[in-house]
Amino acid sequence: MNAPAPDRRPPGAFPPDAFPPAGCASQGYGSERVDYVDPRDRVVAQGGRTTGPPAGLLRRYAATVCTDHAGRVLLYRRTASAPAYPDHYDVLIGGAVRSGEEYRAAALRELREELGWERAPGLTEAYRLRVDDPHGACFLTVHRWVADRAPRPDPGEIAWCGFVAPLAVLTGGYTPMVPAGAEAVRRLFPG
């Protein structure tokens, strides 16, 4: 199965223009302040999101893997203008944890901003790990949530999205895939 082109969405996809924009996620984050943590995930400094962490410190990110009641995972394609991994497929809805914000609060904010979900009853933390990738080292906390309504994707963040079988995410031709998203599918949906 080949990955769908921007004008050919997979079955069950939600085009971003079918709903009003979900939030303000696409309005930029130049003035956003974030915490920087030590290798034990303890906050030791704050700074602007775009400046990067001081030497030896890491950023914090929170994300959520959403499924529907049938067990399918929400897959989306990032926009061509995304600052990291443009035009890549992903299952992690998330972003930077702001200064003073807890991981869970950041995950809820990102669900609201990117998909228009004002609340996510039953949101649970699945795992936390250090991620070292070309865009910088960070701590990533991944949550899980079973969606109880259709998303309203922010077209500034999401080119398209739809629920697909977890195995199809890894074997269905959805490439390129954000590495941390592929790892989340392997961890949360083994075998």
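That block above? That's the structure.
So, here's what we can say about the structure. Everything quoted here is computed from the prediction, not taken from an experiment. (Residues numbered from 1 in each chain as written. Predicted model: local features only at pLDDT ≥ 70, side-chain atom pairs only at ≥ 80, totals over all residues. Heavy atoms only, no water.)

### Side note on the pattern of salt bridges
Part 1 of the reasoning: Applying the stated criterion across every chain, the model contains 16 salt bridges.
Part 2 of the reasoning: Residue Glu 113 is joined to Arg 98 by a salt bridge in which the shortest nitrogen-to-oxygen separation is 3.3 Å. Of this pair, Glu 113 sits in helix 1 (residues 103–115) while Arg 98 sits in the loop between strand 7 (92–96) and helix 1, and the two are 15 residues apart along the sequence.
Part 3 of the reasoning: Owing to a relative accessible area of 7%, Glu 113 belongs among the buried residues under this scheme.
Part 4 of the reasoning: A salt bridge links Arg 186 to Glu 183, with the nearest nitrogen and oxygen atoms 3.4 Å apart. One end of the pair is Arg 186 and the other is Glu 183, both in helix 3 (residues 179–188) and three residues apart, which spans about a single turn. (Salt bridge = Lys/Arg side-chain N within 4 Å of Asp/Glu carboxyl O. Helix = DSSP H or I, 4+ residues; strand = E, 2+ residues; numbered from the N terminus. Buried < 20%, exposed > 50% of the residue type's maximum accessible area, 1.4 Å probe, protein only.)

### Some thoughts on the packing of aromatic side chains
Part 1 of the reasoning: For the structure on display, the rule yields three aromatic pairs.
Part 2 of the reasoning: Measuring from centroid to centroid gives 5.5 Å for Tyr 89 and Tyr 174, while their planes differ by 65°, and the two rings are edge-to-face. Note that Tyr 89 is positioned in strand 6 (residues 89–90) and Tyr 174 in the loop between helix 2 (166–171) and helix 3, a separation of 85 residues in sequence.
Part 3 of the reasoning: For Tyr 89, a relative accessible area of 3% translates into the label buried.
Part 4 of the reasoning: An aromatic cluster of at least three residues, connected via ring pairs, comprises Tyr 89, Trp 160 and Tyr 174.
Part 5 of the reasoning: The ring of Tyr 103 has Arg 60 sitting right over it, with the charged end atom 5.0 Å from the ring centre.
Part 6 of the reasoning: Its guanidinium or amino end placed over the ring of Tyr 127, Arg 187 lies 4.5 Å from that ring's centre, counting from NZ or CZ. (Phe/Tyr/Trp six-rings, centres within 6.5 Å; stacked < 30°, edge-to-face > 60°. Lys NZ or Arg CZ within 6 Å of the ring centre and 35° of its normal.)

### Digging into the pairing of strand 10 (residues 158–164)
Part 1 of the reasoning: Within strand 10, seven of the seven residues are buried, which leaves the element mostly enclosed by the surrounding structure.
Part 2 of the reasoning: Across six bridges, the pairing between strand 5 (residues 73–78) and strand 10 is antiparallel. Within the sheet, the bridge partner assigned to Arg 78 lies in strand 10 and is Ile 158. (Pairing = 2+ DSSP bridges.)

### A word on the side chain of Asp 41
Part 1 of the reasoning: Within the fold, Asp 41 resides in the loop between strand 2 (33–37) and strand 3 (43–48).
Part 2 of the reasoning: Relative accessible area serves as the criterion here: at 17%, Asp 41 is assigned to the buried category.
Part 3 of the reasoning: Polar contacts involving the side chain of Asp 41 include one to the side chain of Tyr 103, which spans 2.9 Å.
Part 4 of the reasoning: Setting aside residues up to four positions removed in sequence, Asp 41 forms contacts with Arg 60, Tyr 103, Arg 128 and Phe 139. (Polar contact = N/O pair within 3.5 Å; in protein donor to acceptor, adjacent residues only side chain to side chain. Contact = heavy atoms within 4.5 Å.)

### Here's the deal with the environment of Leu 74
Part 1 of the reasoning: Secondary-structure assignment places Leu 74 in strand 5.
Part 2 of the reasoning: For the pair Leu 74 and Ala 147, spaced 73 residues apart in the sequence, the C-alpha separation amounts to 9.1 Å.
Part 3 of the reasoning: Beyond its immediate chain neighbours, meaning those up to four positions away, Leu 74 contacts Cys 66, Asp 90, Val 91, Leu 115, Trp 117, Cys 161, Gly 162 and Phe 163.

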